[in-house]
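# Structural overview
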Amino acid sequence: MSARLLGWAWDQPVSPQAKLALLALADGGENIADIVRLTGLTTTQAIDAMTELARAMLVLWRDRRPYFRLGEVGYVDQDHRPIDEG
């Protein structure tokens, strides 16, 4: 996991548990059991963290591909096009 990813996750305006869940997802976690295993959170804490992320997350679709945003501004895709433009 890169230092840039760690910094990005930690800068997000979410709880510390949600930040840990973000890092677990970035590290390959695919479900609540993975998040619990990778973070040491309890199952209830992991569910609460994912619920918090779901409330803060925006999913934009371009050509059948989802892009997930957590409030950051100016995110661009691999072709350097803003993802919130058609």
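Residues numbered from 1 in each chain as written. Predicted model: local features only at pLDDT ≥ 70, side-chain atom pairs only at ≥ 80, totals over all residues. Heavy atoms only, no water.

### What about the overall build of the protein?
This is how it is decided: Comment: elements are numbered from the N terminus, with helices defined as DSSP H or I runs of at least four residues and strands as E runs of at least two. The classification of residues rests on relative accessible area computed with a 1.4 Å probe and restricted to protein chains. Under 20% of the type maximum is buried, over 50% is exposed, and intermediate values are partly exposed. Each accessible area value is a Shrake-Rupley result obtained with a 1.4 Å probe; residue values ignore everything except the protein chains displayed when judging cover.
Looking only at helices and strands, the protein has four helices and two strands in total. Going from the N terminus to the C terminus, the protein shows its helices and strands as α-α-α-α-β-β. A buried classification covers 29% of the 86 residues belonging to the protein. Element-wise, carbon and sulfur atoms account for 54% of the exposed surface of the protein, whose accessible area totals about 5,900 Å².

### Examining the confidence of the model for the protein
The predicted coordinates should not be examined in detail at positions where pLDDT is low. We apply this condition: Each residue carries a pLDDT score, the predictor's own confidence in it, on a scale running from 0 to 100.
Per-residue confidence for the protein averages 81 on the pLDDT scale, and 77% of its residues sit at or above 70. The least confident element of the protein is strand 2 (residues 65-69), whose mean pLDDT is 69; the most confident is helix 3 (residues 32-39), at 94.

### Examining the packing of helix 3 against helix 4 (residues 43-56)
Condition: What counts as an axis is a line fitted to C-alpha atoms, over the stretch in contact for a helix, and the angles between N-to-C directions run from 0 to 180 degrees. Working rule for angles: under 35 degrees goes down as roughly parallel, over 145 as roughly antiparallel, 65 to 115 as roughly perpendicular, anything else as oblique. In this scheme, a crossing is called left-handed if the near helix is turned counterclockwise away from the far one by less than a right angle; it is called right-handed if the turn is clockwise. Any pair of residues with heavy atoms lying within 4.5 Å of one another is described as a contacting pair. Gly falls in the polar group here, along with every residue not listed as nonpolar (Ala, Val, Leu, Ile, Met, Phe, Trp, Tyr, Cys, Pro) or charged (Asp, Glu, Lys, Arg).
Taken N-terminus to C-terminus, the directions of helix 3 and helix 4 make an angle of 110°; their axes are 9 Å apart at the nearest point. Relative to helix 4, helix 3 is oriented roughly perpendicular. Two packed elements cross with a definite hand, and for helix 3 against helix 4 that hand is right-handed. Contacts from Ile32, Ile35 and Val36 of helix 3 reach helix 4 at Thr43, Ala46, Ile47 and Met50. Classifying every residue of the contact of helix 3 with helix 4 gives six nonpolar, one polar and no charged.

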